[in-house]
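The lines below spell out each chain.
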Amino acid sequence: MHSSAGVKKWVVHIASMNQEPMAETKLKVSLLNYTKNGEETIAQAGKLCYSPVGVDEISKKQDPDSIAKYVKMLANLGHLSPIEHISFTFAVEGVSRTLTHQLVRHRLASYSQQSQRYVKLDGFEYVIPRHIKENPEARKIFIEAMEKDQEAYDKLAEILTKKHYEDLLNEGEDEKSAKRKATKMAIEDARYVFPNACETKIVFTMNARTLLHFFNLRSCNRAQWEIREMSDQMVKLVKDIYPNVFASAGPSCISGPCPEGKMTCGKIQEVREKFKNI
């Protein structure tokens, strides 16, 4: 039989271990990997559609200049299926759950996100919107709300861990297994108090065509500010690697009229200049 004092002592230890100060986080976008020889692959795939010969013969006639010219032509014609053959994998940190809720709506992609179910967040980080950050009164209210959320999470985790641990021991679970399972079961429910501002980390992969569509929507001035900042950093990363594929990467107004109608930002020339220099 296990004493309640022993259970309480362990739960208090779990609640206090690895406590870190809460802090505002910062956006970090990294390109983990991408299809090598991507423009060559695009040219091979595109030319195969109209060629009586196979890829080997097509490859023999390719050189850097002809590849660049062909890829640009495909982009200008809007013949984009060949660019689906190359993909990019990004790692993003320091973003809010608000952002990732929008990100995963882009369905032609693969996502792996940090789990609040399996990762105990001691001193969670958060994203502060600029207009809140710049207003002292609003910033104070915001940070106090974050601190209250963390306090509620810690208390819930402690209460639930104790209950689950006792129940598991009474069911015949050994102490080591009971501790592990009790902690997981507790944070699985305690996480519900976390706000949209809570920092998260995510790895995702998109092909080039999906990326162009993503940039059309998310680098637009009317996109939500946080995902727009991420999108703009992604544009720079991919343009540095394959400038011909992503020559027109950015909001839709880079290569055509603004699609937003009456809701346009009215800054089309400014936007075009911005992405010309990215």
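The structure under discussion appears in the preceding block.
Since the model is a prediction, treat every value here as computed from it, not as a measurement. (Residues numbered from 1 in each chain as written. Predicted model: local features only at pLDDT ≥ 70, side-chain atom pairs only at ≥ 80, totals over all residues. Heavy atoms only, no water.)

Visitor: How should I be thinking about the pairing of strand β6 (residues 199-207) in this particular structure?
Guide: Taken residue by residue, a regular strand's side chains alternate between the two faces of the sheet. As paired elements, strand β3 (residues 87-96) and β6 share 8 bridges and run antiparallel to each other. Residue pairing in the sheet places S96 in a bridge with E199 of β6. Both strand β4 (residues 109-113) and β6 contribute to a ladder of 5 bridges, which runs antiparallel. Looking at the pairing, Q113 lines up with I202 of β6. (Pairing = 2+ DSSP bridges. Helix = DSSP H or I, 4+ residues; strand = E, 2+ residues; numbered from the N terminus.)

Visitor: Hey, could you run me through the environment of V71 in this one?
Guide: Take V71: it is sitting in helix α4 (residues 64-77). Remark: the alpha-carbon pair of V71 and I42, spanning 29 residues in sequence, is separated by 7.1 Å. V71 has contacts with E39, I42, N244 and V245, leaving out every residue within four places of it along the chain. (Contact = heavy atoms within 4.5 Å.)

Visitor: So what exactly am I meant to see when it comes to the packing of helix α9 (residues 208-218) against helix α10 (residues 225-241) here?
Guide: Think of two packed helices as two axes; the pair is described by the angle between the axes and how far apart they sit. Here α9 crosses α10 at 140 degrees, and the two axes come no closer than 9 Å. Here α9 is positioned oblique relative to α10, judged by the angle of their axes. Every pair of crossing elements has a handedness; the one defined by α9 and α10 is left-handed. Listed contacts from α10 to L211, F214, F215 and R218 of α9 are I227, R228, M230, S231, M234, V235 and V238. Its residues assigned to classes, the contact of α9 with α10 shows 8 nonpolar, 1 polar and 2 charged. (Axes fitted to C-alpha atoms, helices over the stretch in contact; angles between N-to-C directions. Parallel < 35°, antiparallel > 145°, perpendicular 65-115°, else oblique. Left-handed = near helix turned anticlockwise from the far one by under 90°. Nonpolar A, V, L, I, M, F, W, Y, C, P; charged D, E, K, R; others polar.)

Visitor: I keep staring at the sheet that holds β3 and nothing clicks. Help me out?
Guide: The strands that make up a sheet pair up through hydrogen bonds in the backbone, lying either parallel or antiparallel. Overall, antiparallel pairing links the 4 strands, which are arranged β2-β3-β6-β4 in an open sheet. Edge positions in the sheet fall to β2 (28-34) and β4, since each of these pairs with one other strand and no more. On average, each strand axis in the sheet is inclined to that of its neighbour by 20 degrees, with strand direction left out of account. α9 contacts β3 and β6 of the sheet and is inclined by roughly 125 degrees relative to β6.

Visitor: Mind showing me how you'd approach the pattern of salt bridges here?
Guide: Close approach of charged atoms allows side chains of opposite charge to pair. If you walk through the whole model with that rule in mind, you get 14 salt bridges. The shortest N-O distance in the salt bridge between K133 and E24 comes to 2.6 Å. Of this pair, K133 sits in helix α6 (residues 130-133) while E24 is found in strand β1 (residues 23-24), placing the two residues 109 residues apart along the sequence. For K155, the salt bridge identified is with E151, shortest N-O distance 3.0 Å. Taken together, the residues K155 and E151, both in helix α7 (residues 136-170) and 4 residues apart, mark about one turn of the helix. (Salt bridge = Lys/Arg side-chain N within 4 Å of Asp/Glu carboxyl O.)

Visitor: Looking at this model, I keep getting lost on the state of the cysteines. Mind explaining?
Guide: Two cysteines joined by a covalent bond between their sulfur atoms form a disulfide. For the coordinates displayed, the defined rule picks out 0 disulfides. Looking at C220, it has no disulfide partner, and the nearest cysteine sulfur is the one in C258, 6.2 Å off. A residue is classified by how much of its surface remains accessible, and C220, at 14% relative accessible area, is buried. Here C258 stays unpaired: no disulfide links it, and the sulfur of C253, its closest cysteine neighbor, is 5.9 Å away. The class for C258 is partly exposed, based on a relative accessible area of 29%. (Disulfide = S-S within 2.5 Å. Buried < 20%, exposed > 50% of the residue type's maximum accessible area, 1.4 Å probe, protein only.)

Visitor: Is there a simple way to explain the nonpolar core in this structure?
Guide: Looking at soluble globular proteins, one finds that nonpolar side chains tend to be buried together. Residues F88, F204, L211, F215, M230, M234 and F246 are the most contacted members of the largest nonpolar core, which totals 36 residues. Secondary structure elements with two or more residues in this core: α2 (38-48), α4, β3, α5 (97-103), β6, α9, α10 and α11 (268-276). When neighbours within four sequence positions are excluded, M230 is seen to be in contact with L27, V29, V92, L99, L103, F204 and F214. Counting residues in hydrophobic clusters, the runner-up holds 13 residues, among them I128, M146, I187 and A190. (Core = buried A, V, L, I, M, F, W, Y, C linked by side-chain atoms within 4.5 Å.)

Visitor: Is there a simple way to explain the side chain of H106 in this structure?
Guide: Along the chain, the position of H106 falls in the loop between α5 and β4. Using a relative accessible area of 8% as the deciding quantity, one classes H106 as buried. There is a polar contact of 2.9 Å between the side chain of H106 and the side chain of R218. Look past the residues within four positions of H106 in its chain and what remains in contact with it is Y111, M206, H213, F214, L217 and R218. (Polar contact = N/O pair within 3.5 Å; in protein donor to acceptor, adjacent residues only side chain to side chain.)

Visitor: Where do I start with the packing of α7 against helix α8 (residues 175-190) in this structure?
Guide: At a closest axis distance of 7 Å, the pairing of α7 and α8 adopts a crossing angle of 140 degrees. Here α8 runs oblique to α7, going by the angle between their axes. As for how α7 packs across α8, the hand of that crossing is right-handed. On the side of α7, the interface is formed by Y153, L156, A157, L160, T161, H164, Y165, L168 and L169, while α8 contributes E175, A178, K179, K181, A182, T183, M185, A186, I187, D189 and A190.

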